[in-house]
Amino acid sequence: MPYDIPVREDGRTLVMGVLNVTPDSFSDGGEYLAPADAVARGQELIAQGADIVDIGGESTRPGATRVSTAEEIDRTISVVSGLRDQGAVISIDTMRAEVARLAVENGAGIVNDVSGGLADEAMLETVAELNVPYVIMHWRAHSEQMEQFTHYDDVVTEVCEHLATRAQAAQAVGVKNSKIIVDPGLGFAKRPEHNWKLLRHFDDLKKMGHPILVGASRKRFLRNAVSEPGAKPREFDDLAAATDAVSALMAHAGAWAVRVHDVPGTIDAVTIANYL
Ligand code: PMM
């Protein structure tokens, strides 16, 4: 069944709840590694009102090593099928065409590829064939190397040009323009100042004409911003208010969806933004 990019009737920004089925993700690694725990957490996110649940089996935190395809399939696919038809759209967070295909066959309605098709040469054609919405994120290198690629002359222009190039590559093999979502890739080969600049220049991203997904939740640039200088940095699960602030501001600026770990506060934040 072909899927369109989901939107809400009330026009508010969608909330994508993060479900990392990994031992080593940024802030929630290891919490939901057993499939039953992951499905229960997904059900909780849906009960809290998540419009989308984003299931990932490979950590992309800086420095993370890659997981095998078999392991990624093992971690994610039973969770996708366990959460299908439960009131939220399922998104599969993967850089691998094979995982994307299996996930869609088992009920996923969005492919979220942080590499925008650069990590697996079969990905764009697979997405074209599957005919599902496709998130193209700005990405420069795998997590093990990405800290070496944080130089930008003009981060906003370079990110917009990169995303436009990837969107064109996707369309060249048959991905429909109407299925493409773009994401600036906060924290991926970016220093804090780059993340802030991209958020400040959100209007330039919007000019591309695609729905925009923003993933700021619990990221280090937020932790740096709210931690007292010289004091112990905040814990990652103590960044909900900082994340909500970004979600409200980006929802107000016109983000299509925000990808977050803490769903209830985010729903309040984007609901308030929708009133203004
Ligand atoms: N960030 C992470 C993982 N997947 N996908 C998209 N589209 N955008 C993001 O910003 C993004 C992502 C890393 O965060 P996590 O380890 O806390 O899930």
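Now for a description of the structure that goes with this document. No experiment lies behind these values; they were computed from the predicted model shown.

Parameters at a glance
Residues numbered from 1 in each chain as written. Predicted model: local features only at pLDDT ≥ 70, side-chain atom pairs only at ≥ 80, totals over all residues. Heavy atoms only, no water. Near = heavy atom within 4 Å. Polar contact = N/O pair within 3.5 Å; in protein donor to acceptor, adjacent residues only side chain to side chain. Areas by Shrake-Rupley, 256 points an atom, 1.4 Å probe, with all protein chains shown as cover. Nonpolar A, V, L, I, M, F, W, Y, C, P; charged D, E, K, R; others polar. Helix = DSSP H or I, 4+ residues; strand = E, 2+ residues; numbered from the N terminus. Contact = heavy atoms within 4.5 Å. Buried < 20%, exposed > 50% of the residue type's maximum accessible area, 1.4 Å probe, protein only. Right-handed = clockwise from strand over helix to strand, strands pointing away. Core = buried A, V, L, I, M, F, W, Y, C linked by side-chain atoms within 4.5 Å. Salt bridge = Lys/Arg side-chain N within 4 Å of Asp/Glu carboxyl O. Phe/Tyr/Trp six-rings, centres within 6.5 Å; stacked < 30°, edge-to-face > 60°. Arc of directions from axis to C-beta. Pairing = 2+ DSSP bridges.

1. Observations concerning the site of the ligand
And step 1. Close to the ligand lie 16 residues, the nearest being Asp93, Asn112, Asp183, Lys219 and Arg259.
And step 2. Here an oxygen atom of the ligand and a backbone polar atom of glycine 215 are 3.4 Å apart.
And step 3. The separation between an oxygen atom of the ligand and a polar side-chain atom of histidine 261 is 3.0 Å.
And step 4. Protein coverage of the free-state accessible area of the ligand, which is 410 Å², stands at 98%.
And step 5. Along the lines of polarity and charge, the residues of the shell around the ligand split into 7 nonpolar, 5 polar and 4 charged.

2. Some remarks on the side chain of histidine 194
And step 1. Mapped onto the elements of the fold, histidine 194 is located in helix α6 (residues 192-200).
And step 2. When sequence neighbours within four positions are dropped, the list of residues in contact with histidine 194 reads Thr150, Tyr152 and Val155.

3. Details of the pairing of strand β4 (residues 110-113)
And step 1. Of the two faces of β4, the one holding Ile110 and Asn112 and the one holding Val111 and Asp113 are both buried throughout.
And step 2. With helix α3 (residues 97-105) bridging strand β3 (residues 89-93) and its parallel neighbour β4, the resulting β-α-β unit is right-handed.
And step 3. Between the parallel elements β4 and strand β5 (residues 134-137), the chain passes through helix α4 (residues 123-130) in a crossover that is right-handed.

4. Focus: the nonpolar core
Nonpolar side chains tend toward joint burial in soluble globular proteins.
And step 1. If you look at the biggest cluster of nonpolar residues, it comprises 72 residues, and the most contacted ones within it are Leu19, Val53, Ile55, Val79, Leu83, Val111 and Val214.
And step 2. In terms of residue count, helix α5 (residues 155-172) provides more of this core than any other element does, 7 residues in total.
And step 3. Non-local contacts of valine 214, meaning those with residues more than four positions away in its chain, are made with Leu186, Leu199, Phe202, Met250, Ala255, Ala257, Val258 and Arg259.
And step 4. Formed by 10 residues, the second largest nonpolar core is a distinct cluster that contains Leu14, Ile52, Val135 and Leu213.

5. Focus on the pattern of salt bridges
And step 1. Counting across every chain of the model gives 18 salt bridges.
And step 2. Among the salt bridges present, the one from lysine 179 reaches aspartate 4, with a minimum N-O distance of 3.8 Å. One end of the pair, lysine 179, is in the loop between α5 and β6 (180-183); the other, aspartate 4, is in the segment before β1 (14-20), with 175 residues separating them in the sequence.
And step 3. Among the charged side chains, a network of salt bridges with common partners joins Arg8, Asp10, Arg12 and Asp51.

6. Thoughts on the packing of aromatic side chains
And step 1. Under the counting rule described, the total for this entry stands at 1 aromatic pair.
And step 2. Aromatic pair tryptophan 196 and phenylalanine 221: ring centres 4.9 Å apart, planes at 75 degrees, arrangement edge-to-face. Note that tryptophan 196 is positioned in helix α6 and phenylalanine 221 in helix α8 (residues 220-226), a separation of 25 residues in sequence.
And step 3. Classification of tryptophan 196 by relative accessible area gives partly exposed; the value is 29%.
And step 4. Given a relative accessible area of 3%, phenylalanine 221 falls into the buried group.

7. Notes on α6
And step 1. Within α6 the residues assigned to the buried category are His194, Asn195, Leu198 and Leu199. Around the axis of α6, the buried residues are gathered within 135 degrees of arc, so they sit on the same side.
And step 2. Against the buried residues of α6 lie α5, α7 (202-206), β7 (213-214), α8 and α9 (240-253).

8. Remarks on the sheet that holds β6
And step 1. Taken together, 8 strands build an open sheet; the order of strands is β6-β5-β4-β3-β2-β1-β8-β7 and the sheet is parallel. What marks the edges here is a single partner per strand, and that holds for β6 and β7.
And step 2. Note: β7 against strand β8 (residues 257-260), 2 bridges, orientation parallel. Looking at β8, one finds that valine 214 is bridged to valine 258.

9. Points about the environment of leucine 14
And step 1. By secondary structure assignment, the location of leucine 14 is in strand β1.
And step 2. Residues leucine 14 and glycine 49, spaced 35 residues apart in sequence, show a C-alpha to C-alpha distance of 9.8 Å.
And step 3. Non-local contacts of leucine 14, meaning those with residues more than four positions away in its chain, are made with Pro6, Val7, Arg8, Asp51, Ile52, Trp256, Ala257 and Val258.

10. Quick look at the pairing of β1
As a general feature of sheets, a regular strand has side chains that alternate between the two faces.
And step 1. With 7 of 7 residues buried, β1 is to be regarded as a mostly interior element.
And step 2. Residues Leu14, Met16, Val18 and Asn20 line one face of β1 and the alternating positions Val15, Gly17 and Leu19 line the opposite face, and both faces are buried.
And step 3. Where β1 and β8 come together, 4 bridges link them in parallel fashion. Note that in β8 the partner of methionine 16 across the bridge is arginine 259.
And step 4. One ladder, built from 5 bridges, connects β1 with strand β2 (residues 52-56); its direction is parallel.

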